[in-house]
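Chain by chain, the residues:
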Amino acid sequence: AHYCYPLPDDYKYKQLPKINKFIEKWGNVKSSEPEITSFLSEVENEFILTMKFGATAIHSEVTCEWQSEQRPSIRPDFFVVQPNGYADIVEFKLPTIDKSFVVGSKNRETFSAWLNSYISQTRVYSTYFDDPNNRRWFEDKYGFKVLKPRRWLVIGRRHDFDSDVWREIMLDYRDLEILTFDDLIDGVVTQFYR
């Protein structure tokens, strides 16, 4: 029950340069969101998401067509398939935040409109999978299941979200977690150094 599968001795030495390259990619203010997600979707870099989210597979930019209503197709950045065969959704935004994410007066704080628009985008992804026709079509087409997915929004740096207020507001959201780029990297790198 307490067995830990050891990584091959040279595994971390092969992967750490890729993590450094990823940090350079998102650390460059000229990098776009598609450039960042494209880097992560390359086969040799998928380990970053599989290790962070405990996933067995990663699927990027999968088109989801609505089956029961006329709506534009959606394309979440990533589906991370868990060992149980069900996938969660990971959406990336840029690491640089030049605006306040909390607005409102004392005791009435809320997330700003720009952050709420990103959260709403992930909500639509979840709504898509509430429809059994969409779920059935999706599973037949792509071969994995999505039901009540956990939504991950990767945005900003840790210092952008260091107040207690954002955590309090965050607790109002069901099945949503905001993850910073620092948290993403730390979640992978710490596994190499335990």
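All values derive from a computational prediction rather than experimental measurement.

Rules of the game
- Residues numbered from 1 in each chain as written.
- Predicted model: local features only at pLDDT ≥ 70, side-chain atom pairs only at ≥ 80, totals over all residues.
- Heavy atoms only, no water.
- Helix = DSSP H or I, 4+ residues; strand = E, 2+ residues; numbered from the N terminus.
- Buried < 20%, exposed > 50% of the residue type's maximum accessible area, 1.4 Å probe, protein only.
- Polar contact = N/O pair within 3.5 Å; in protein donor to acceptor, adjacent residues only side chain to side chain.
- Contact = heavy atoms within 4.5 Å.
- Salt bridge = Lys/Arg side-chain N within 4 Å of Asp/Glu carboxyl O.
- Pairing = 2+ DSSP bridges.
- Axes fitted to C-alpha atoms, helices over the stretch in contact; angles between N-to-C directions.
- Phe/Tyr/Trp six-rings, centres within 6.5 Å; stacked < 30°, edge-to-face > 60°.
- Core = buried A, V, L, I, M, F, W, Y, C linked by side-chain atoms within 4.5 Å.
- Expected span 1.5 Å × (residues − 1).

## A few points about the side chain of Glu 91
For Glu 91, the position within the fold is in strand S3 (residues 87-92). With a relative accessible area of 2%, Glu 91 lands in the buried category. Of the polar contacts made by the side chain of Glu 91, one reaches the side chain of Lys 93; its length is 3.5 Å. In this structure, Glu 91 is in contact with Glu 33, Pro 76, Asp 77, Gln 121, Thr 122, Tyr 125, Trp 152, Leu 153 and Val 154, ignoring residues within four places of it in sequence.

## Things to note about the pattern of salt bridges
By the definition in use, this model includes ten salt bridges. Across the pair Arg 158 and Asp 186 runs a salt bridge whose closest N-O atoms are separated by 2.5 Å. Of this pair, Arg 158 sits in the loop between strand S6 (151-154) and helix H6 (164-170) while Asp 186 sits in helix H7 (residues 181-192), and the two are 28 residues apart along the sequence. Look at Asp 186 and you get partly exposed, because its relative accessible area is 34%. Between Arg 174 and Asp 175 there is a salt bridge, and its shortest N-O distance comes to 2.9 Å. For Arg 174, a relative accessible area of 57% corresponds to the exposed category. The class for Asp 175 is partly exposed, based on a relative accessible area of 25%. Among the charged side chains, a salt-bridge network with shared partners connects Glu 33, Glu 91 and Lys 93.

## Comments concerning the sheet that holds strand S1 (residues 57-60)
Pairing between the strands of a sheet comes from backbone hydrogen bonds, and it takes one of two forms, parallel or antiparallel. What the five strands build is an open sheet, ordered S1-S2-S3-S6-S7; its pairing is mixed. Each of the sheet's edge strands pairs with one partner strand only, and the pair in question is S1 and strand S7 (176-179). Strand-to-strand twist in this sheet, taken as the mean axis angle between neighbours without regard to direction, amounts to 25°. In this sheet, S7 lies alongside S6 in parallel orientation, the contact comprising four bridges. Across the sheet, residue Val 154 finds its bridge partner in S7, namely Leu 179. Relative to S6, helix H4 (residues 113-128) is tilted by about 150°, and along the sheet it contacts S3, S6 and S7.

## What about the packing of aromatic side chains?
What the rule picks out here adds up to 15 aromatic pairs. With a centroid separation of 5.7 Å and 10° between ring planes, the pair formed by Phe 22 and Phe 39 is classed as stacked. With Phe 22 in helix H1 (residues 11-27) and Phe 39 in helix H2 (residues 33-41), this pair connects stretches of sequence that are 17 residues apart. Between the aromatic rings of Trp 66 and Tyr 128, the centroid separation amounts to 5.1 Å while the plane-to-plane angle is 80°, which identifies the pairing as edge-to-face. Highlighted residues: Trp 66 in the loop between S1 and strand S2 (78-81) and Tyr 128 in helix H4, separated in sequence by 62 residues.

## So, the nonpolar core
Formed by 26 residues in total, the largest nonpolar core has its most connected members in Phe 22, Ile 48, Phe 92 and Leu 184. Sorting the residues of this core by element identifies H1, H2, helix H3 (47-53), S2, S3, S6 and H7 as the ones contributing at least two each. Once you skip the residues sitting within four places of it in the chain, Phe 22 turns out to touch Ile 36, Phe 39, Leu 40, Ile 48, Phe 181, Leu 184 and Ile 185.

## Things to note about H7
Compared with the 16 Å implied by 1.5 Å per residue over twelve residues, the 18 Å span of H7 between its first and last C-alpha is a close match. Within H7, burial applies to Phe 181, Asp 182, Leu 184, Ile 185, Gly 187, Val 188 and Phe 192.

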